[in-house]
Amino acid sequence: MTDRRRINGPSEGTAPPVFLTSSTRKAITKRSPTTLRKIFLKTSLTPPATGSAFLELPTPQNSTTPTLKLTASVYGPRPLPPSTTFSPNARLTAELKFSPFSTPGRRRGYVRDGVERDLSAQLSIALAKSVDVGKYPKSGIDVFVSVLDCEGGLGDLDSDAGKGRDSGKGGGVEVGLMSVLAGAISCASAAIADAGIECFDLVAGGVAGLVLEKPKWRKGKKADAGQEEEMDVAEDGDSKPSGKKKSRRTLTLVLDPSPTDGYFIVAAAMVAYMAARDELTLIWTKGSIDPAGDGDGDDGVEEVERVIDGAITAATGVRLVINEAVKERLLLGLKEMGLVKGNAVVASGDADDGDTVMV
Amino acid sequence: MTTAVPPPAPNPLSFPPATFQKLAPKTFLERHLQSTPATRPSGRSPDTFRTPSLHTNSLSHAHGSAVVRTGDTAVVCGVRGEVLSLTAGVESRVVVLRSGEDRMDEDGDEIRERGLVVTNLEMGTGCTRDYHPGPPTDFAQAVTARLQRLLLANKLISPQSLRILDPNTEKIKAYWVLYIDVVVISLDGNVLDAAWASILAALRSTKLPQAYWDLDNEGVVCYPEASKYKSLCLKGLAFTASFAVINLGTEKGGKVILSDPDEFEEGVCEERVMVCALEEEKVGWIEKGGGVGQVAEVMECVRRATERFKAWEQLFSEGLGSSG
């Protein structure tokens, strides 16, 4: 079906470029597992919106490495359309959309697909509990998030065409969508605060993963391309049954894992965390958390706790950034208000800007 | 006998400016323009454009990208190339002559006929208050159509850089299709100028991988090395400048042309002029509608557009020079 409201490409269809299998080496970020990436967060970059924020993970030294960039804008509280039924609370809706050029491989469509709808629903759940919705009866609060650039690792969204060049994934669980959602939650929460909507707390998103430690002698090969990496993993898997009884695999907790890091992630968790109230508004885990699967229940629980605690630690770190961004905005606003008063006295000659008399 | 105290004489109705602006937008703008010197509500004089800013190549998955901000209007443009393979039946009609003998007038047709440039404008990003989820609005479609038309009419992209050849026979086996997507982050009027500038900057920063027709695979294969990426071949520059015209009436100063109108001014003024200025002070496109006017007005717009062209040109040489 062609979309008659947009300009479509050639009717024969086009394919994303296919690359020769490359040996380009991904520069693996040398972050310690407990270090979070720096976050650039700035509010009020969309002046027409009631509140807005822009979040970016700054590009590392290698400029071709993808990073996450997204904007959030908030409108409201504004009256709901008259056709809607009475609602004693504010209704918060969230929409998340990937830009057509934001993902590796194939272009994204213009119409929201299932993944985007799922992320939108999770985003609105994560945010709704932080807003004091009882304060705004009969109104709607609309949150829009557009993802401009992401790191890949989106699971089936990744088309194989981009594999050679773009995705330096190390196999295992894909954390791309998790970091997009975590970023969207943090960014949207900052935008809600920027809009001056009453909140119980700010929400921060955090991701953590349990990473399979590689045998020592393989460590040097970490920088290899994705396929090699997967082969290694397959070998690991094969060798597992024999060694399982004596030694269990060692899992390292990595905070804020990136799809470009090349880790083999066994399990990952994303949380939306309100640090001041110590409450979680959203938990999302992926991957097999109980590795042995031999009824040794304690292990599983421990790992769940471990990975979720890790995600909370990451979210607490992100929270500090949100605090700073909101504080910066608040101070700027106070300063501006002071300036406005000063200007009014000095520049009272510009009568047109003062009160205007209507007869 | 006590007579009721007459109520105090009512003060003349007075509003803060923001309320006045909402109640009587047209009067509000007129009062501003009647002051000396004429000032717009934003503090600009009628012939002042907003200062633009430009960043290129900030996105990693696009082949070329640019962020343009003029005042409170901000747009992001990403260009992405995909491959259109010509199936055996649909051989290319344009036979590549030896280089240099390609006739110029065939160039535009190739891009137009095959639809090798696909421009779209996405405004459903919460960029403005009146956003409703769903398909693009009429306004977004209209701007998209104008952008696409401008791009084709100015013949900026040379089709040579979009052709993918069979290395042995020098026949065209496939084309690059450029998907140009403009995402409006923040909208405060005059989205056309910003979107156009972002498209141009993104195209100039676009680097496509070097591709060739692989006989064995019967398909197009690209070299992954970053050093083999090639820039597009672009001809010249062109910049649009938009204006809004308001008629204050003959006794109050006649018509006032507002350069680079913002959202509020666009809402009030009905008459619009758009001029696309080319290099060497040439004009590539003029559109005017919504009012009765004289040629002098259009000439004034052209004069301002050529000045604006210089400002953009300056910005482009700085911005693209530094980002490499």
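Residues numbered from 1 in each chain as written. Chains lettered and ligands numbered in written order. Predicted model: local features only at pLDDT ≥ 70, side-chain atom pairs only at ≥ 80, totals over all residues. Heavy atoms only, no water.

## A look at the overall build of chain A
Tallying secondary structure elements over chain A gives 4 helices and 10 strands in all. Order of helices (α) and strands (β) in chain A, N terminus to C terminus: β-β-β-β-α-β-α-β-α-β-β-β-α-β. Looking at chain A residue by residue over its 359 residues, the buried ones come to 48%. Across chain A, contacts joining residues at least 24 apart in sequence account for 75% of those joining residues at least 6 apart. Total accessible area computed for chain A in this model is approximately 17300 Å², and 56% of it derives from carbon and sulfur atoms. (Helix = DSSP H or I, 4+ residues; strand = E, 2+ residues; numbered from the N terminus. Buried < 20%, exposed > 50% of the residue type's maximum accessible area, 1.4 Å probe, protein only. Contact = heavy atoms within 4.5 Å. Areas by Shrake-Rupley, 256 points an atom, 1.4 Å probe, with all protein chains shown as cover.)

## A look at helix α5 (residues 191-205) of chain B
Along its 15 residues, α5(B) runs 21 Å from first to last C-alpha, staying within 8% of the 21 Å computed at 1.5 Å per residue. Among the 15 residues of α5(B), 14 are classified as buried, and the element is accordingly described as predominantly covered. (Expected span 1.5 Å × (residues − 1).)

## Here's the deal with the interface of chain B and chain A
Across the contact, 61 residues belong to chain B and 56 residues belong to chain A. Carbon and sulfur atoms make up 57% of the area that chain B and chain A hide from each other, which totals about 5000 Å². Remark: the boundary between chain B and chain A carries 2 salt bridges. The shortest N-O distance in the salt bridge between Arg6(A) and Glu122(B) comes to 3.9 Å. Secondary-structure elements contributing two or more residues to the side of chain B that touches chain A are β1 (14-15), α1 (17-23), α2 (25-34), β4 (73-85), β5 (117-122), α4 (138-153), β7 (172-186) and β10 (219-222) of chain B. Top contributing element to the side of chain B that touches chain A by residue count: β4(B), with 8 residues. Of the residues in the side of chain B that touches chain A, the class split is 33 nonpolar, 19 polar and 9 charged. (Buried area = accessible area lost by both parts, 1.4 Å probe. Salt bridge = Lys/Arg side-chain N within 4 Å of Asp/Glu carboxyl O. Nonpolar A, V, L, I, M, F, W, Y, C, P; charged D, E, K, R; others polar.)

## Concerning the sheet that holds strand β12 (residues 238-247) of chain B
Two modes of strand pairing occur in sheets, parallel and antiparallel, and in both the strands are linked by backbone hydrogen bonds. Residues and elements named next belong to chain B. In spatial order, the strands read β13-β12-β14-β15; together these 4 strands make up an open sheet with antiparallel pairing. The outermost strands of the open sheet, each flanked by one partner alone, are β13 (255-259) and β15 (283-289). Shown here is a sheet whose adjacent strand axes are inclined to one another by a mean of 20°, direction ignored. Where strand β14 (residues 271-278) lies against β15, 6 bridges are found, and the strand directions are antiparallel. By the bridge assignment for β15, methionine 274 is matched with glutamate 287. The sheet strands contacting α2 are β12 and β13, and the helix crosses β12 at an angle near 100°. (Pairing = 2+ DSSP bridges. Axes fitted to C-alpha atoms, helices over the stretch in contact; angles between N-to-C directions.)

## So, the nonpolar core
Grouped together as the largest cluster of nonpolar side chains are 77 residues, with contacts concentrated most on Leu162(B), Leu178(B), Ile180(B), Leu203(B) and Phe243(B). Other than its neighbours up to four places away in sequence, Leu203(B) contacts Val79(B), Leu151(B), Ile157(B), Leu178(B), Ile180(B), Leu232(B) and Leu234(B). (Core = buried A, V, L, I, M, F, W, Y, C linked by side-chain atoms within 4.5 Å.)

## Structural notes on the packing of α4(B) against α5(B)
Residues and elements named next belong to chain B. Where α4 meets α5, the closest approach of the two axes is 11 Å, and the angle between their N-to-C directions is 45°. Overall, the two elements α4 and α5 adopt an arrangement that is oblique. The handedness of the crossing between α4 and α5 comes out as right-handed. The segment α4 lies against α5, with Phe139, Val143, Arg146, Leu147, Leu150 and Leu151 engaging Val191, Leu192, Ala195, Trp196, Ile199 and Leu203. Here the residues of the contact of α4 with α5 sort into 11 nonpolar, no polar and 1 charged. (Parallel < 35°, antiparallel > 145°, perpendicular 65-115°, else oblique. Left-handed = near helix turned anticlockwise from the far one by under 90°.)

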